[in-house]
Amino acid sequence: MTSNPDRSNSALNRERRQRELTALGDAAAIDVLVIGGGITGVGVALDAAARGLRTVLVEKHDFAFGTSRWSSKLVHGGLRYLASGGVGIAHESAVERDILLTRTAPHLTRALPQVVPLLPNIGAAQKLLVRAGFLAGDVLRRTAGTPASVLPRSRRVAAAEALRFAPTVRRDGLRGGLLAWDGQLVDDARLVVAIARTAAREGATVLTRVEAGNVTGTSATLTDTRTGETLDVTARSVVNATGVWADQVDPSIELRPSRGTHLVFDAAAFGGLTASLTVPIPGSTSRFIFAFPAAHNRVYLGLTDEEAPGPVPDVPHATDGEIDFLLDTVNTVLREPLRRSDIRGSFAGLRPLLRTGDDSTADISREHAVLTSPTGVITVVGGKLTTYRKMAEDATDAAVAHARLSAAPCRTRALPLVGAVSGAARDAIQAPPRLVERYGSEAAAVLELAQQHPALAAEVAPGMDVTAAEFAFAVSHEGAVDEADLLDRRTRIGLVDADRKAAEPAALAAFQ
């Protein structure tokens, strides 16, 4: 086991990238080479580095470039898996949700109420099923050890309270609502960046814009995509954490991707929504769509589950059919129907599901798998964002066993991520609440940038709740390399084309 002199330094920037990339050829032998900078890859890098292993992560694009930025931004307790008998994965999800909410990322997560309005189109049988599911969710919360002070117990609410949570719900025939609580991320891409920075703090070399080719169980050719320079490296173990592209690294893997689509609205379209408006899908007993408040005064509406055969695109797109499905379903509970003209943007992500016969993707378990190829490459695939830490632990265990590495036990169950803060310490931070929500204990550092350089206090575009100081911090500390990193991942400005165009000059200026 080796240590890294930069262990106390979590800042990722272009200078550090170049320094570590240059030193890679002369550094000590690599114990674990991780390919892929999504939620699972950075999780593996953190787990391995925290065990004292010499760890290198390479990502062809940017952190969270693929599926990890297209999730629902929720930290699920696994409730839907109970409907299909998946007690094990439901419990695992609830445990991992508790770890995120209470230990590792309390600054990037929060409790989110979810309300199912009881309207005439929801029959008695469906109401009983929803109520039973919410009660099962309470049991999951308790067995995971999550206190009610973090996630309150479910209950029925009166019509007036349901409308306070979701003001645009139809009033005619409203008999109240069923209320439960789950976890929500401030943003999924921000979680990925925080994990990557924590891995760097623990001693990992974390490199974006570096592509891995000619991958075997003990080697790879790394290419700096910004310069074209290549470097052959050897490693005692190689972990393939490339998600929906896993079969391109390891052809022995067979995936069956499914696409999940969300629509983006201005918050005003939902009249000040403060909960996840949860709407049962007609004809289904276990599937729902939901609209929930998100960053930048927006609301996200999702989620579809459609097979996505064929080549995997870098950026998936919503289909007309998915858009119509989401609008038609949510409009069953709204007083005034939403129209296509209300949509400000959309995003779609591909789930890296393992092929399991002829079942529809909506019914395939979200359990993960750790597989070792004939060449010795260890692939971790499947799963979901909430359980990333357990996936990473299992993959690192496999790497340690396969290569017979000397490593300390896993530490990530209680290892706070960069910026983690909660309770009185969080309340004492002298910074605006929106900065504390995005940066936790580092919010004061972002604010200090604006105080030292008054020009950085300006909004990046009129009416936008992001300042130039946040762009500057992303460049100096969060590994942003170009304007797309700032607009599309460090913030979510880019989900709305008009907002992206308005903020692009400020993003370009951040690199000058």
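Worth saying up front: this structure is predicted, and the values here are computed from it rather than measured.

Any pair of aromatic rings gets described here by the distance separating the centres and the angle formed by the planes. Summed over all chains, the structure comprises six aromatic pairs. Note on F265 and F270: the rings are 5.6 Å apart at their centroids and 80 degrees apart in plane angle, and the pair reads as edge-to-face. F270 carries the same exposure label as F265, and that label is buried. Among the aromatic side chains, those forming a connected cluster through ring pairs are W70, F290, F292, Y300 and F347.

If you want to describe how two helices pack, look at the angle between their axes and the distance between the axes. The contact between helix α15 (residues 483-490) and helix α16 (residues 497-509) brings their axes to 9 Å, and the two run at 130 degrees. The orientation of α15 with respect to α16, classified from their angle, is oblique. By crossing handedness, the relation of α15 to α16 is classed as right-handed. Only R500, A503, E504, A507 and L508 of α16 make contact with α15, whose side of the interface consists of E483, A484, L486, L487 and D488. Of the residues belonging to the contact of α15 with α16, the class tally is six nonpolar, no polar and four charged.

With that settled, the discussion passes to the side chain of R259. If you trace the backbone, R259 turns up in strand β11 (residues 258-266). Side-chain polar atoms of R259 contact the side chain of E322, separated by 3.0 Å. In this view, R259 contacts T304, D305, E306, E307, A308, H317, T319, E322, A348, G349, L350 and R351; residues no more than four positions away in its chain are not counted.

Formed by 45 residues in total, the largest nonpolar core has its most connected members in F63, L191, I195 and V206. For this core, the secondary structure elements donating two or more residues are β1 (30-35), α2 (39-50), α7 (188-201), β18 (378-382) and α10 (388-403). Ranked by residue count, the leading element in this core is α7, at nine residues. With near-sequence residues (within four places) excluded, V206 lies in contact with E20, L57, F63, A196, A199 and A200. Formed by 29 residues, the second largest nonpolar core is a distinct cluster that contains A162, A166, L277 and V299.

With that settled, consider the pairing of β11. The element β11 is extensively covered by neighbouring structure, given that eight of its nine residues are classed as buried. By the bridge criterion, two bridges tie β11 to strand β15 (residues 306-307) in an arrangement that is antiparallel. In the sheet register, R259 faces β15, and the bridge partner there is E306. As defined by bridge partners, β11 adjoins strand β16 (residues 343-351) across eight bridges and the pair is classed as antiparallel. What sits directly across from F265, in β16, is I343.

Rules behind the numbers
- Residues numbered from 1 in each chain as written.
- Predicted model: local features only at pLDDT ≥ 70, side-chain atom pairs only at ≥ 80, totals over all residues.
- Heavy atoms only, no water.
- Phe/Tyr/Trp six-rings, centres within 6.5 Å; stacked < 30°, edge-to-face > 60°.
- Buried < 20%, exposed > 50% of the residue type's maximum accessible area, 1.4 Å probe, protein only.
- Axes fitted to C-alpha atoms, helices over the stretch in contact; angles between N-to-C directions.
- Helix = DSSP H or I, 4+ residues; strand = E, 2+ residues; numbered from the N terminus.
- Parallel < 35°, antiparallel > 145°, perpendicular 65-115°, else oblique.
- Left-handed = near helix turned anticlockwise from the far one by under 90°.
- Contact = heavy atoms within 4.5 Å.
- Nonpolar A, V, L, I, M, F, W, Y, C, P; charged D, E, K, R; others polar.
- Polar contact = N/O pair within 3.5 Å; in protein donor to acceptor, adjacent residues only side chain to side chain.
- Core = buried A, V, L, I, M, F, W, Y, C linked by side-chain atoms within 4.5 Å.
- Pairing = 2+ DSSP bridges.

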